[in-house]
Structure formats: structure tokens, C-alpha cells
Amino acid sequence: MVKVFQIGAAGGVGRRLARALVDRGDQVTGMHREPRQAETVRAAGAVPVAGDLIGDSATELATKLAGHDAVVFSAGAHGTGPDKTTAIDGAGLEKAAQAAAAAGVRRFVLVSAFPEAGRDRDTSPGFEHYMRVKKAADVYLAHTDLDWLIVRPGTLLDDPGSGQVTAGPAIAYGTVSRDDVAAFLATALHEPGLSRIIIELTGGSTPVADAVAALASGR
């Protein structure tokens, strides 16, 4: 049993991941900012805790993280503007990593963005800013001493998951269901061989457990 602290637990990937982890027998704490999100977190099987990546200090966040074995960060500004993107996807990630280190929580999983996502359409300045911030967050985490794992999903879909994916350090761009992202994260979190590595993820034909095992063994 792993004690997991989720940042972004009420989101599309977050609530699916909470359920997947709880179903594995893990103990999950889900941080949420809006009071109305508490029930979403609770319905997924996690214990809700109020928190704010913008308003809370790293010290305050570390207090919440204390006693957990791992952190999963899937929070995002979700198109609420460049300032929020910088504060949540960027500075928020940095604050969470600092808090994890201070709390002695070594395992840190970040849900990032596929570099080619959205490149098949005209992009906006806000989108380009988002992609720059996500890459900078990856770079920041990769330079910490944490036991980090960065997962970059393709374009997210609400279609039911197939339980099959394509995963690797560099793969062709594609889409992936949120169900399958959650399943992959839940499995990868428990694989100690997936440490200090960046993985791109799309839908595919390999069962999630097999994909994780192959990556951990270097195949």
C-alpha cells in the first residue's frame, strides 16, 4: 500500500487516477482548491484536503504532504489565462517539488504535455505560452534530486479506455483516453524501475502492465 498525495485530484485525469489507485489498495489524499471539488475527490475514493498552489507557501504545502510516499501532480490552469498558467503549471509545480523535498517525499510523478500536441492547427499566444511553461516545469523537476517520473500524454480524450497504450521516451504523436492515462500512471507509480525518466504516452496496442514492464526493463 502506497500513500499518494494528488495535486489536481478533481481533474479529468486526477479523479480517474484516484479511483485506480484506491482500487489497487493505495491510500489517496486529493488536494482541491474549490470547496465544490471536495465531493468529486471523495467520490473517487480519495480523502479530500483543501489547498491552493497559488496561495499556499511551500512550507504550508509540505505540511500537507508529510507522511505520504508519493506525489502525483496533474494540476493545471485549464485555459484560464497566461498568468494562471504560469502560477499553476509553472510556479505551482516548482513549489510542489520544493514541498515534497522538504517533507521527505521522494517519489514525484508529473503529468506534462506531449510536445507535438496541437501542432496540427493554428495556435494562439496563450497556447504557446502554455507549452513553454510545461516544458520549463519538466526541466525544473528533472534537475531536482527527487525520484521523479514525467509522463507526457498525447491529446486527451474522454473515450472509454482500452487498457492498451504506446509508451516510450520518444514516440509518434497521437491521442489517448484519460482512462488509459490514469491506468498507466497508477501502474508506473508502483514501478521503481521507472525513475528519473520522461515517457511519452498515446493510445496503442500494448497492455498497460506490459508497457510499464518493458520500459522498466529497458526493452
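Residues numbered from 1 in each chain as written. Predicted model: local features only at pLDDT ≥ 70, side-chain atom pairs only at ≥ 80, totals over all residues. Heavy atoms only, no water.

## Looking at the packing of helix α4 (residues 82–103) against helix α5 (residues 125–142)
Put simply, α4 and α5 touch, their axes get as near as 9 Å, and they point 10° apart. As the angle between them shows, α4 and α5 are arranged roughly parallel. Of the residues in α5, those in contact with Pro-82, Thr-85, Thr-86, Asp-89, Gly-90, Leu-93, Glu-94, Ala-97 and Gln-98 of α4 are His-129, Tyr-130, Val-133, Lys-134, Ala-137, Tyr-140 and Leu-141. For the contact of α4 with α5, a count of residues per class yields eight nonpolar, five polar and three charged. (Axes fitted to C-alpha atoms, helices over the stretch in contact; angles between N-to-C directions. Helix = DSSP H or I, 4+ residues; strand = E, 2+ residues; numbered from the N terminus. Parallel < 35°, antiparallel > 145°, perpendicular 65-115°, else oblique. Contact = heavy atoms within 4.5 Å. Nonpolar A, V, L, I, M, F, W, Y, C, P; charged D, E, K, R; others polar.)

## Quick word on helix α7 (residues 208–217)
Listed in full, the buried residues belonging to α7 are Val-208, Ala-211, Val-212, Ala-214 and Leu-215. Buried residues in α7, looked at end-on, bunch into an arc of 160°, giving them a common side. Each element contacted by the buried residues of α7 is listed here: β8 (164–168), α6 (178–189), β10 (197–203) and β11 (206–207). Gly-218 lies just past α7 and shows a positive phi near 80°. (Buried < 20%, exposed > 50% of the residue type's maximum accessible area, 1.4 Å probe, protein only. Arc of directions from axis to C-beta.)

## Quick word on the pattern of salt bridges
Within this structure, the stated rule accounts for ten salt bridges. Across the pair Arg-152 and Asp-138 runs a salt bridge whose closest N-O atoms are separated by 3.0 Å. Of the two residues, Arg-152 is situated in strand β6 (residues 147–153) and Asp-138 in helix α5; the sequence distance between them amounts to 14 residues. On the basis of relative accessible area, Arg-152 is assigned to the buried category, the value being 10%. For Asp-138, a relative accessible area of 3% translates into the label buried. Residues joined by salt bridges that share partners form a network here, namely Arg-16, Asp-158, Arg-178 and Asp-179. (Salt bridge = Lys/Arg side-chain N within 4 Å of Asp/Glu carboxyl O.)

## Observations concerning the environment of Val-41
Structurally, Val-41 is set in helix α2 (residues 37–43). In this structure, the C-alpha to C-alpha distance between Val-41 and Gly-30, residues eleven residues apart in sequence, is 6.1 Å.

## Points about the sheet that holds β11
Pairing within the open sheet is mixed, and its nine strands lie in the order β3-β2-β1-β4-β5-β6-β10-β8-β11. Across the chains shown, the open sheet's two edge strands, defined by having one partner strand only, are β3 (47–50) and β11. Bridge count for β6 against β10 is five bridges, and the pairing is parallel. Residue pairing for β10: Ile-150 is matched across the bridge by Ile-198. The strands that α5 touches are β5 (107–111) and β6; relative to β6, the one it contacts most, it runs at about 160°. (Pairing = 2+ DSSP bridges.)

## Section: α4
Helix length check: α4 (22 residues) gives 30 Å between terminal C-alpha atoms against 32 Å at 1.5 Å per residue, within 8%. The principal kink in α4, of about 40°, is found at Gly-92. Among all positions in α4, only Thr-85, Ile-88, Asp-89, Gly-90, Gly-92, Leu-93, Lys-95, Ala-96, Ala-97, Ala-99 and Ala-100 are buried. On its buried side, α4 packs onto β1 (3–7), α3 (58–65), β4 (70–73), β5 and α5. Positive backbone phi, at 75°, marks Gly-104, one or two positions downstream of α4. (Expected span 1.5 Å × (residues − 1). Bend = angle between axes of the 7 residues up to and from the residue.)

## Regarding the packing of aromatic side chains
By the definition in use, this model includes two aromatic pairs. With centroids separated by 6.4 Å and ring planes inclined at 40°, the aromatic side chains of Phe-127 and Tyr-130 adopt a geometry described as tilted. Of the two residues, Phe-127 and Tyr-130 are both situated in helix α5; the distance of three residues between them amounts to about one turn of the helix. Given the relative accessible area of 28%, Tyr-130 is considered partly exposed. (Phe/Tyr/Trp six-rings, centres within 6.5 Å; stacked < 30°, edge-to-face > 60°.)

## Some points on the pairing of β4
Across the two faces of β4 the burial is the same, with Ala-70 and Val-72 and Val-71 and Phe-73 all buried. The pairing of β1 with β4 spans four bridges and is classified as parallel. Its bridge partner being in β4, Phe-5 is matched across the sheet by Val-71. Two strands pair when backbone bridges link them, and β4 and β5 are joined in this way by four bridges, in the parallel orientation. When the bridges of β5 are listed, Val-71 appears paired with Phe-108. Taken together, β4, α4 and β5 constitute a β-α-β crossover, and its handedness is right-handed. (Right-handed = clockwise from strand over helix to strand, strands pointing away.)

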